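# Working through the structure, step by step
Here's the letter readout for the chains.
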Amino acid sequence: GNTFFKRVTDSIAERSRLPDKHPILVLGRNKMNAYTGVQVLCLLGLFGFKQIPAITIFFPAMIGVLMSIRSFILPNFFSEKEFVALGDETPS
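Rules used in this analysis
Residues numbered from 1 in each chain as written. Predicted model: local features only at pLDDT ≥ 70, side-chain atom pairs only at ≥ 80, totals over all residues. Heavy atoms only, no water. Helix = DSSP H or I, 4+ residues; strand = E, 2+ residues; numbered from the N terminus. Buried < 20%, exposed > 50% of the residue type's maximum accessible area, 1.4 Å probe, protein only. Contact = heavy atoms within 4.5 Å. Polar contact = N/O pair within 3.5 Å; in protein donor to acceptor, adjacent residues only side chain to side chain. Arc of directions from axis to C-beta. Phe/Tyr/Trp six-rings, centres within 6.5 Å; stacked < 30°, edge-to-face > 60°. Lys NZ or Arg CZ within 6 Å of the ring centre and 35° of its normal.

## Some points on the environment of His22
By the element assignment, His22 lies in the loop between helix H1 (2-10) and helix H2 (23-27). The class for His22 is buried, based on a relative accessible area of 7%. The sequence separation of His22 and Arg7 amounts to 15 residues, and the corresponding C-alpha distance is 9.2 Å. Ignoring anything within four residues of it in the chain, the contact list for His22 reads Asp10 and Met32. A distance of 2.6 Å separates the side chain of His22 from the side chain of Asp10, its partner in a polar contact.

And the structure:
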């Protein structure tokens, strides 16, 4: 939600204007932008999926696909420490 939009707007901000614990300062701009890019692609995928009336009945299954991406694919590229810095820690 809010952290996503904040990361999008902060991706073009100067490093000196960001707070001390900002994800760009902790992870680097490339890593943060990669995570935000994955989120943008998922959002666009959901929007595109919603636009095709014949398959919109499977929309709840797409939410399951997003959960699988977060649980099984993204941990191969991001550590738990990085998820915490991005404001998306794994629930225990």
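Past the structure itself, the notes keep going.
## Brief notes about H1
Every buried residue of H1 is listed here: Phe4, Arg7 and Asp10. Each buried residue of H1 sits inside an arc of 135 degrees when the element is viewed along its axis, so together they form one side. Set apart from the buried face of H1 by more than 90 degrees, the exposed residues are Asn2, Phe5 and Lys6. Where H1 is buried, its residues touch H2 and helix H3 (29-50).

## Describing the packing of aromatic side chains
If you walk through the whole model with that rule in mind, you get four aromatic pairs. Here Tyr35 and Phe83 contribute two aromatic rings whose centre-to-centre distance is 6.0 Å and whose plane-to-plane angle is 70 degrees, an arrangement assigned as edge-to-face. Residue Tyr35 is found in helix H3, and its partner Phe83 is found in helix H5 (residues 80-85); the two are separated by 48 residues along the sequence. Given a relative accessible area of 1%, Phe83 falls into the buried group. Look at Phe78 and Phe83: their rings are 5.9 Å apart centre to centre, the planes differ by 45 degrees, and that puts the pair in the tilted class. Of the two residues, Phe78 and Phe83, neither departs from the other in class, the shared state being buried. Ring pairing ties together the aromatic residues Tyr35, Phe78 and Phe83, which thus form one cluster. Just above the ring of Phe78 sits the side chain of Lys31; from NZ or CZ to the centre is 5.0 Å.

By themselves, these observations are geometric and do not establish any function.
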